[in-house]
Amino acid sequence: MEQKEILLQVRDYRVAFYTREATVYAVNGINYDLHKGETLGIVGESGSGKTVSCMSMLKLISMPPGKIDSGSVLFGGVDLAKLKRDKIRPYRGKEIGVIFQDPMTAFNQVITIGEQMIEGHMAHFRSSRKEALARALSLFELVGIPSPESRLKDYPFQFSGGMRQRAMIAMALMCDPKMLIADEPTTALDVTIQAQIVDLVKDLRKQIGTSIIWISHDLGVVASLADRVMVMYAGYIIESASSDDLYERPLHPYTKGLLESLPSMNEDASKRLTSIGGMPPYMNKLNIGCPFAPRCKHVMDKCLKENPLLKPISADHLVACFLM
Ligand SMILES: Nc1ncnc2c1ncn2[C@@H]1O[C@H](COP(=O)(O)OP(=O)(O)OP(=O)(O)O)[C@@H](O)[C@H]1O
Ligand SMILES: [Mg+2]
């Protein structure tokens, strides 16, 4: 990939939850860049820190108990990690749009979708109702919602799952953000609708050029969409490569396991096999060794004593494993 301008630069970023019962180390010193126009996929199983690593940048997790313990998140020269809650507001929705997994809970149920869409636009741009409504209408058209004018007057429950997710994407684009965070936006949808949403996003990306972070536990979905993929395990990035490279040449035993557990195209997702034995870690203490060691078929002595750093194997392929 040619060197493009960096939009988001994350360095030694750590987030933990401090509750009375326990401390949960959710994100443990991650480093990455998101380039302009790039789609970056984040995969990993439940609890690996995908959501917390992204949503904490906009303070969209509960803080407390959540806390950014260290690191920086540079966006347009500003370190989001250091901003107070009130200063982060202009970034939410305006500079960085967010698409949540379940639009049913993300939308307010008692306000029409149109009203919800124009609210942020009017606040951020001091636009008139009429201007904001025109923008909402053009976005409903862009995301392929039939009868857009009348649908803007509908409530979230009046939409089908797929249409509601299209509306959510339209809402995320209202203020023309430089970047989108999409957190498992297709997980709740059936496979056909899921494919339509993925196609829609591919199409939109060509038209508007927004950078996207796409979070999913499904490596298949991510690989079809993202330019580059990062694999997270226990709050660490354990592998990062271009989608093609990761798919064809996975290096980390965990990534290999993830790929082996992918269902074939026509297989029912509910019949999915999980080939990675053992349990995901609790994350209530920081690892001395490799976090994957307890489940790894290739575990060596060294893996229990030292946590491997993410290091480049080739220009674009990084892995955290002593086998490499
Ligand atoms: N409010 C909270 N209080 C305490 N721990 C939390 C809180 N929110 C998240 N965590 C913990 O932080 C860790 C990372 O969670 P996160 O939601 O980022 O995982 P994820 O990779 O997005 O998983 P999923 O695929 O299920 O969405 C988990 O161990 C989770 O239990
Ligand atoms: Mg999540």
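Predicted model only: the values in this text are computed from it and were never measured.

Asks: Help me out: how do you make sense of the overall build of the chain in this one?
Replies: Scanning the chain from N- to C-terminus turns up 12 helices and 12 strands. Since a compact globule built from 324 residues should have a radius of gyration of about 20 Å, the 20 Å found for the chain is in line with a globular shape. Principal-axis analysis of the C-alpha atoms gives the chain an extent of 65 × 45 × 45 Å. The buried share of the chain, taken over its 324 residues, is 41%. A separation threshold of at least 6 residues defines the contact pool for the chain, and within that pool the share at least 24 residues apart is 63%.

Asks: Can you walk me through the sheet that holds strand β4 (residues 66-75) in this structure?
Replies: The 4 strands are arranged β2-β1-β4-β5 in an open sheet whose pairing can be described as antiparallel. With one partner strand each, in any of the chains shown, β2 (23-35) and β5 (78-79) form the two edges of the open sheet.

Asks: In this structure, what is going on with the site of ligand 1? I would like to understand it.
Replies: If you check the shell around ligand 1, you find 17 residues, and the closest are Ala 26, Ser 46, Lys 50, Thr 51 and Val 52. Mapped by element, the contributors of at least two residues to the shell around ligand 1 are β2 and α1 (50-55). In terms of residue count, α1 provides more of the shell around ligand 1 than any other element does, 3 residues in total. Looking at the shell around ligand 1 residue by residue, the class counts come to 6 nonpolar, 10 polar and 1 charged.

Asks: Explain the nonpolar core to me, please; I cannot follow it from the model alone.
Replies: In terms of nonpolar packing, the biggest core is built from 91 residues, with Ala 170, Ile 213, Val 222, Val 229 and Val 231 touching the most fellow members. Excluding its chain neighbours within four sequence positions, the residues that come into contact with Ile 213 are Leu 34, Leu 40, Ile 42, Cys 54, Ile 181 and Ala 182.

Asks: Help me out: how do you make sense of the pairing of strand β10 (residues 236-242) in this one?
Replies: Every other side chain in a regular strand lies on the same face of the sheet, so the side chains alternate between the two faces. Burial runs high along β10: 6 of the 7 residues are buried. Bridge count between strand β9 (residues 228-233) and β10: 6 bridges; the pairing is antiparallel. By the bridge assignment for β10, Tyr 233 is matched with Tyr 236. A loop of 2 residues connects β9 with β10, the two strands running antiparallel in sequence, and Ala 234 in this loop sits at a positive phi of about 50°. As judged from the 2 bridges shared by β10 and strand β12 (residues 317-319), these two strands associate in the antiparallel manner. Paired with Glu 239 across the bridge in β12 is Val 319.

Asks: Looking at this model, I keep getting lost on the sheet that holds β10. Mind explaining?
Replies: Hydrogen bonds between backbone groups are what pair the strands of a sheet, and the pairing can be parallel or antiparallel. Here we have 8 strands laid out as an open sheet, ordered β6-β7-β8-β3-β9-β10-β12-β11, and mixed in their pairing. One side of each edge strand has no neighbouring strand; the edge strands of this open sheet are β6 (96-99) and β11 (311-314). Each strand of the sheet is rotated relative to its neighbour by a mean of 20°, with strand direction disregarded. As paired elements, β11 and β12 share 3 bridges and run antiparallel to each other. Bridge pairing in β12 links Pro 312 to Leu 318. Against the sheet, helix α11 (residues 253-260) makes contact with β3 (39-43), β9 and β10, and its axis sits at roughly 105° relative to β9, the strand it touches most.

Asks: Quick question: what am I supposed to make of the packing of helix α7 (residues 161-173) against helix α8 (residues 191-208) here?
Replies: Geometrically, a packed helix pair is captured by the angle between its two axes and the distance between the axes. Two elements in contact, α7 and α8, have axes whose closest approach is 10 Å; the angle formed by their N-to-C orientations is 20°. As far as their axial angle goes, α8 and α7 are roughly parallel. Of the two possible hands of crossing, α7 and α8 adopt the one that is right-handed. In this structure, α7 uses Gly 161, Gly 162, Gln 165 and Arg 166 to contact α8, whose residues at the interface are Ile 193, Gln 196, Ile 197 and Leu 200. Looking at the contact of α7 with α8, its residues break down into 3 nonpolar, 4 polar and 1 charged.

Cut-off values and rules
- Residues numbered from 1 in each chain as written.
- Chains lettered and ligands numbered in written order.
- Predicted model: local features only at pLDDT ≥ 70, side-chain atom pairs only at ≥ 80, totals over all residues.
- Helix = DSSP H or I, 4+ residues; strand = E, 2+ residues; numbered from the N terminus.
- Rg over C-alpha atoms; globule rule 2.2 N^0.38 Å.
- Buried ≥ 20, exposed ≤ 12 C-beta atoms within 10 Å, placed from the backbone.
- Contact = placed C-beta atoms within 7 Å.
- Pairing = 2+ DSSP bridges.
- Near = placed C-beta within 6 Å.
- Nonpolar A, V, L, I, M, F, W, Y, C, P; charged D, E, K, R; others polar.
- Core = buried A, V, L, I, M, F, W, Y, C linked by C-beta atoms within 7 Å.
- Axes fitted to C-alpha atoms, helices over the stretch in contact; angles between N-to-C directions.
- Parallel < 35°, antiparallel > 145°, perpendicular 65-115°, else oblique.
- Left-handed = near helix turned anticlockwise from the far one by under 90°.

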